[in-house]
Each structure stands twice: as C-alpha cells, then as structure tokens.
Amino acid sequence: MRPYLTVGILWSLCFSGMAWGDDAASPQPAPTEGAGTTKPAGGAQAAAPQPPRTDEAKLLSAVREALDRNAQEIKSLKEQYTKDMAEQRRKVEEQQKQIATLQQSAQALQDRLKAQTTVPNAPGGQNAQGQDRQQKIADVQQKQIELLERQSQLVADELSQQGPALENLQSMTATLESRAKQAARRDLELANQDDALIEQLDAQRRNGPQLPAMLKGMFAPIQTTSSPLTIINNFAVRYDLFTHQQGAGVFEFQEYTPFFLVQLNKRILLSAELVFAPTGFALGQAQADIFLTDWLTMDIGYFLAPIGFWSERLDPEWINKLPDEPLVMRQVIPDGLALTGLQFRGGKYLFGSPLKMEYSAYATNAMGVPGMGQAADWSDLGGVIGTTANINQGMTYGARLAFWLPTRGINFGVSELANAPYFHGAGAVTSIWQPYFNYHRGNWDFRFEYGQNYERTRSFIGNSIERNGFYTQLAYRDYKSTRKHLQRLEYVARFSDARFRGIDQAAVASNVSSFATPMDAPLDRNQYTMGVNYYLFPATVFKLAYEINQELHHDLKDNVVFMQFATNF
C-alpha cells in the first residue's frame, strides 16, 4: 500500500508542477489598442509616376493615390483584426482545457483520498503507526486538492477578466465594420467627384472658364462697349484773411469737381472733368485714352497740357500741400491749361534697370488771348486759354521727357511748349520751358520747379513779354509716430518768386482789382508760405497757412492767413 501512495503523491506533484508551468508560460492577451494601427508592407517600391502635364492631372492623380491608400489601410485593419480574433480564441480554448484538466486532477485526488480512508485498520501498534502515516498523506493530498482548486479558480478569474477584452474586440469589430462601410461610401463619393471634376475640366476646355458677364467681356474675341461708371469727386472750400485789411475775412467756395471714368474695354478709357465754381460751370477736360501698347497711350480730345510736373500731378486741392498755388504757376506757367488735340505718352524701364523713362508729345490747337491788342490782355496770364474756336488759327506743339528712380524717390525732367499761329492776327508766338526735380523718401517731401515763358507780343503792344519764376517746397510728416494725432500732422514751407520783363509794373500795381486776386497780378515779388496740415483721412485734409507776399517795387500789403478744407471721394 505504501508504494502505491508514494507513487500517487509523486504523480500528483508532477502533474501540479506541469499545470503551474503551463499556466506561467501561457502568453498574455495582446493589447487591443494597437489592433487598428498597422504599418504598410515594405520591400517593394512602386514605380515613380510620370509628372502630370496640367494642374487637373495633378489633382486627379492625388485623388487616386488617396483612394489607394485608403483601401490599403482598410485591408491591413481587417487582416490585423482577423489575427487578433484567432489568437484570442486560441487562448480561451487553452485556458478552458487547463481548467478541465485541473478539475479532473482534483476529482481524482479526492476519490483516492476517500478510498484510502476506507482501508481497515491493522492490529496493534503497527495499525496506529499506519494510521498516523495515512493521516499525514491525507493532509498532503488535501493541500494538493486545495492548491488545484485555487489554480482552477485563478484560471477562471483570468478567463473572466478577459471578458472586457472580448467585449473590446467585439466593439472594435463593429467599429471596423462601420468604418469599412463609411470607407466604401467615401470611395463612391470620391469616384463620383472624380468623374464630376473630369467632366467640369472637359467642359472648361471646350467652353472656357465661367466668368462674370463684365469680366468675360474683357476676354471676348470681339470687344464690347459697355462698362461700369466710376465717379471721383474733389471738393474744396477756403477762408482768406488779409492781415492789412479791415473785416473778418472772406469765405470762398473754391470748387466741386466730379471726374467721370468709363472703361469701355481693355483698350479704351473715357474720362471727363466738370468744374462747378462760383464763377460758373466749366469743362475741365474730356478725353479718350487708347492703350496702344504697354508703354504707349494715345490721348484724343480736350486734355491737360503736360507742362512741368505741377499742372498734372499736384494741382488738385487735396494733393496740394498748401491752400494756394505757387507764384510760378499763377504768373509764369498757365496752370490748368487744357488744349484740344492729339497726344502720345507713356513710360518704360530702360534695359531692365531701375531707371524709368517717361515721355509725352502732343499737337493741339493754338492758345488764344481774348480781345487781342490790349496790354492788359497780355499781362494777365489767366486770359491765355486753349479753345476749340477758330480765333486761334495755329498749332501748339509740346513734349516732356522725365526720368524716375522709384527705389530712391527721385523724379526729374523737362518740358517744352511752342505756340505757333498761322498769321499775325491769330496770336503771339509763345515758348515755355520748365525743368523740375522732386524727391520723396520716408517722412520728407521736396519739390523744385522752374518756369520761363517768352511771348513775342512786340507787334501787339510794342515789346515782348518774358516771365521767369520758380518755387521750392519742403514738407515733413512723421508717418511712424506712435501718437495718432502727431502722425496725422504735416509741416510745410515753400518759397516762390516771379520776375517779369515787358510788363509795366506801375500800371499793374494801380489796377490790381482787375485781376482775380492780388497774387494773380504780374508784379516782381517773393512769396513765403508756411503751413500745417492735419489729415482726417488719407484724402481729406484741413490746412492752416500764413503767406507773406513781398513785392519788390510796389507793396500791396497782401499778406494773408489761409484755412482750407479739401477732400477727394
């Protein structure tokens, strides 16, 4: 009996050790977080696609690549999910087999223990000694049974703990299925969009891009003659206070000037300016600009004569930095002179350099002087006009050549005008020469302009008239000031003078009232003007200035304080 018990104990210990070893060696369930992330298979590289010829081909290629990547990702997710499920099922089956084996071992030990307890006791002390040994064996077997029960309970607990993992796998399965359905729908939508894009691109190739009606007209083979109208308005009022005269000063409505622009097509621009002033209504200019090339434009109609720089570029009240014009533009050069005729103009950078050349040449009707023959008519430069009437039988020719360095803020040039009547009674031969120089950089703005006007009036008044003058102007504005109001302030100083030959200074001084203002009287004088400007908006300014007029021969005591409001909208 003893050998059998010994063999049974050894067999049970070996069996229990194998069970424990199997349990310890059993692999843990794989983490479920990485089930959905797989790396694409490497090794083989796809052949490099040929570069697309157009942007549409690039877009279609990108859509196809996105569809391929999406299909590969879904395939890898499905394969990983299948592997995870098979591995989990294998682990569950192994654990169930271990539980069944442990239960069978425990049941066998219990049966053996019961069988041993039913063996009859031996006689005498040998029986007592055998009973003690039997009792020890029974205790050992009972411990083995308890150990096996604990092992089976641990395996059962481990199996129960894997329930959430199974549920997680089931939820992942549902998620993957829903994603697969969404991917299928997305693939279908992308395929439909791909087809729609191909059809749209094909339609654009056949019919051209879809453009607004007005914009499409710019690209039509036959140009249209309809375009929106743009109106730009200038408005200015001024208050003059002459310090040597009694009274509270004079309010003056200077002008309201609407400027009309009509872009007929990409070749033709129409423009017209109307001037509403206290003296009445007038046509400032009206012309058609025909763009021949990028560097040449032809102007036809009633346009401003490009004399110097001031007349075309600085004369508007909201651009002029002081409330009035310099003397040279009042008494030497006819400011705002408009002529009727033909002009060619343009600009071009020279040989790819930063130097830009500007040029213009024109031929128009000659200038005329109403009345003729009277000395006062010739001395008042405001009476020299350009007109379409036949009183000015002759031609006026002119040209301007200028150079720009935009990166340095430098602009300089010269202009020439020649007025040539056909016969003596049609007017005087007149020539105007006007060089200029401008500099604008950062906070500083500098202007210089000289003018010379020679009129052959000897046959009319017994002598010719020569006018000379210039102005120089310096302005400063701190654009980078951190204080808003200081940033809007601008400080301006200007000096201007005018000198005359062939005009009786005494006669003019005695008849100053016949001129529009005392500053329009052609007297030798120096003029000093200082002003402060406050810009409410970039094109809206309030000006305050004080002007000293110093006549060299006859003091008119015409120093004046100006206040002006000007805007462009």
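Computed from a prediction, not measured in an experiment: that's the story for all the values here. (Residues numbered from 1 in each chain as written. Predicted model: local features only at pLDDT ≥ 70, side-chain atom pairs only at ≥ 80, totals over all residues. Heavy atoms only, no water.)

**Brief notes about the packing of aromatic side chains**
The following threshold applies: Aromatic pairing here means that ring centres of Phe, Tyr or Trp (its six-membered ring) are within 6.5 Å. Orientation follows from the plane angle: under 30 degrees is stacked, over 60 is edge-to-face, and everything else is tilted. The way it works is that DSSP assigns letters per residue, a run of H or I at least four long becomes a helix, a run of E at least two long becomes a strand, and they are numbered from the N terminus.
Counted by the stated rule, this structure contains 15 aromatic pairs. When the centroid spacing of 4.6 Å and the interplanar angle of 50° are considered together, the rings of Tyr239 and Phe251 count as tilted. Of this pair, Tyr239 sits in strand β1 (residues 229-242) while Phe251 sits in strand β2 (residues 250-263), and the two are twelve residues apart along the sequence. Cluster of aromatic residues (ring-pair linked, three or more members): Phe448, Phe470, Phe495 and Tyr528.

**Focus: the pairing of strand β16 (residues 525-537)**
Two faces make up the sheet, and in a regular strand the side chains alternate between them. Filter applied, for reference: Should DSSP find at least two bridges between two strands, the strands are regarded as paired.
Bridge count between strand β15 (residues 489-501) and β16: ten bridges; the pairing is antiparallel. Each bridged residue has a counterpart across the sheet, and for Glu490 the counterpart in β16 is Asn533. Bridging between β16 and strand β17 (residues 540-551) involves twelve bridges; their strand directions are antiparallel. Paired with Tyr535 across the two strands is Val541, which belongs to β17. Count of turn residues in the β16/β17 antiparallel hairpin: two residues.

**Description of a nonpolar patch on the surface**
The cut-off we apply is this: Two distance rules govern patches: like charges are joined within 9 Å, and nonpolar side chains (Val, Leu, Ile, Met, Phe, Trp, Tyr) within 5 Å, applied only to residues with over 30% relative accessible area and no salt bridge. Here, Shrake-Rupley sampling with a 1.4 Å probe gives the accessible areas, and only protein chains in the shown set may cover a residue. The term salt bridge refers to a side-chain nitrogen of Lys or Arg lying within 4 Å of a carboxyl oxygen of Asp or Glu.
Among the surface-exposed residues, Leu292, Ile300, Leu342 and Phe344 lie close enough to one another that they form a single nonpolar patch of about 290 Å² accessible area. Tracing the chain through its elements places Phe344 in strand β6 (residues 338-349).

**Some details on the nonpolar core**
Buried together is how nonpolar side chains tend to be arranged in soluble globular proteins. Rules: For the purposes of this section, nonpolar cores are sets of buried Ala, Val, Leu, Ile, Met, Phe, Trp, Tyr and Cys residues that join through side-chain atoms within 4.5 Å. Note on exposure labels: buried denotes an accessible area under 20% of the residue type's maximum, exposed denotes more than 50%, and partly exposed covers the range between, all computed with a 1.4 Å probe on protein chains only.
Among the nonpolar cores identified, the biggest contains 32 residues, and Ile307, Ile333, Leu337, Tyr362 and Leu417 are the most heavily contacted of them. Sorting the residues of this core by element identifies α6 (327-332), β12 (429-441), β14 (465-476), β15 and α10 (505-510) as the ones contributing at least two each. Per-element accounting of this core gives the leading share, four residues, to α6. Counting eight residues, the second largest nonpolar core, distinct from the first, contains Phe242, Ala475, Met519 and Val560.

**Some thoughts on the pairing of β6**
Note: strand β5 (residues 296-304) against β6, eight bridges, orientation antiparallel. Each bridged residue has a counterpart across the sheet, and for Met298 the counterpart in β6 is Phe344. Here β6 pairs with strand β7 (residues 356-365) via nine bridges, running antiparallel. Each bridged residue has a counterpart across the sheet, and for Tyr349 the counterpart in β7 is Lys356. Counting the residues that bridge the hairpin from β6 to β7 gives six residues, and of these Phe351 lies at a positive phi of roughly 55°.

**Focus: the pattern of salt bridges**
Scanning all chains against the criterion turns up 18 salt bridges. We note a salt bridge from Glu490 to Lys321, for which the minimum N-O separation is 2.8 Å. Of this pair, Glu490 sits in strand β15 while Lys321 sits in the loop between α5 (310-313) and α6, placing them 169 residues apart in sequence. One salt bridge in this structure joins Arg494 and Glu547, with 3.7 Å as the shortest N-O distance.

**Quick word on the side chain of Asp240**
Rules: Side-chain atoms alone can form a polar contact between residues adjacent in sequence; in general such a contact is a pair of N or O atoms within 3.5 Å, and within protein one must be able to donate a hydrogen while the other accepts it. Contact criterion: two residues are considered in contact whenever any of their non-hydrogen atoms come within 4.5 Å of each other.
Mapped onto the fold, Asp240 is located in strand β1. A polar atom in the side chain of Asp240 sits 2.9 Å from the side chain of Arg238. Beyond its immediate chain neighbours, meaning those up to four positions away, Asp240 contacts Gly249, Val250, Glu252, Val560, Val561 and Phe562.

**Points about the confidence of the model for the protein**
Convention followed: Known as pLDDT, the predictor's per-residue confidence is scaled from 0 to 100.
Per-residue confidence for the protein gives a mean pLDDT of 80, with 78% of residues at or over 70. When pLDDT is averaged over each element of the protein, β15 comes out on top at 97 and helix α1 (residues 2-25) at the bottom at 43. This model gives residues 1-52 a pLDDT under 50, and the stretch forms 48 contacts once residues within four places in sequence are excluded. Segment residues 387-391: pLDDT under 50, and five contacts once partners within four positions in sequence are set aside and those in other chains are kept.

**Let's talk about unusual backbone geometry**
A positive phi angle, close to 55°, is found at Phe351, a residue other than glycine. Phi is positive for Lys557, close to 50°, though the residue is something other than glycine. Turning to its location among the elements, Lys557 is positioned in the loop between β17 and β18 (560-568).

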